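# Coordinate analysis (summary)
The lines below spell out each chain.
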Amino acid sequence: MAYNFEHLLADSARVHGHLCPGQVLGVRMSILGLTKIGIDDPRGRQRKDLIVYVEIDRCATDAISSVTGCTLGHRTLKYVDYGKMAATFLNLKTNYALRIVALEEARQIAKNRFPHIEDQMQAQCEAYKVMADEELFSWTEVSVGIRQDDMPGRPLRRVVCSRCGEHVQDGRECMDDGSIFCVACCKGAYYTVI
Ligand SMILES: [Zn+2]
Ligand SMILES: [Zn+2]
């Protein structure tokens, strides 16, 4: 099955809510990544063979999720908060993984590609559609050691925090002085109870 770029872009723009350069970039990155790791049917036959790590939570992330079918809820999309426009595509069957980074230079090339298009965003979109993979991205083979606790499927463990009493799944607890704590109680939470 070959990837239909226009269909995938239309789908991702619909899911994301608008068409933007991030959608074009995310769809292009996904097609490149999936093809290189030997996945041609990510939403069907091979839906259990794939994990994607995204390193940023911006527009392109939605496109990557839309094309690959990988989601947080299925544990097939892993969000790693690096603030980088990059993603790693891992084939669980072969253990082959490719990390792809969007090139900073691509922005400048895109700006100059269609000078007659006045709308900057539209010009960028059109340029990202036609630029070569090598102009948009760099990529490298990587090895990803995925923990059993991070795999899709039923949770392996479920424990209770000894301070707040809330349940913690998937090995996310911390041990301190022989007691089990949740991350919030152990390392501090992102919220403050008022
Ligand atoms: Zn967007
Ligand atoms: Zn707790």
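This one's a predicted model, so the numbers in the text were calculated from it and none came from an experiment. (Residues numbered from 1 in each chain as written. Chains lettered and ligands numbered in written order. Predicted model: local features only at pLDDT ≥ 70, side-chain atom pairs only at ≥ 80, totals over all residues.)

The next subject is the domain arrangement of the chain. Under the domain assignment used here, the chain contains domain 1 (5–148) and domain 2 (154–187). Using C-alpha coordinates to define each centre, domain 1 is positioned 34 Å away from domain 2. (Domains from an automatic or database assignment.)

For the rest of this paragraph, the subject is the environment of M175. Inspection of the secondary structure puts M175 in strand β8 (residues 174–176). Sequence-wise, M175 and C186 are 11 residues apart; in three dimensions their C-alpha atoms are separated by 8.3 Å. (Helix = DSSP H or I, 4+ residues; strand = E, 2+ residues; numbered from the N terminus.)

To continue, consider the sheet that holds strand β3 (residues 86–91). Strand order in the open sheet made by the 5 strands is β2-β1-β3-β4-β5, with mixed pairing throughout. Bordering the open sheet on either side are β2 (77–79) and β5 (137–142), each of which pairs with just one other strand. Within the sheet, the average angular offset between the axes of one strand and its neighbour, ignoring direction, is 20 degrees. As judged from the 6 bridges shared by β3 and strand β4 (residues 96–102), these two strands associate in the antiparallel manner. Among the inter-strand pairings, F89 is bridged to a residue of β4, identified as L98. Against the sheet, helix α2 (residues 21–36) contacts β3, β4 and β5, and its axis sits at roughly 155 degrees relative to β4. (Pairing = 2+ DSSP bridges. Axes fitted to C-alpha atoms, helices over the stretch in contact; angles between N-to-C directions. Contact = placed C-beta atoms within 7 Å.)

Core analysis: the biggest nonpolar cluster contains 36 residues, and M29, V52, I64, A87 and A102 have the highest contact counts within it. Those elements that place two or more of their residues in this core are α2, β1 (50–54), α3 (59–68), β3, β4, α4 (105–113) and α5 (120–130). Beyond its immediate chain neighbours, meaning those up to four positions away, A102 contacts L25, M29, M85, A86, L136 and F137. (Core = buried A, V, L, I, M, F, W, Y, C linked by C-beta atoms within 7 Å. Buried ≥ 20, exposed ≤ 12 C-beta atoms within 10 Å, placed from the backbone.)

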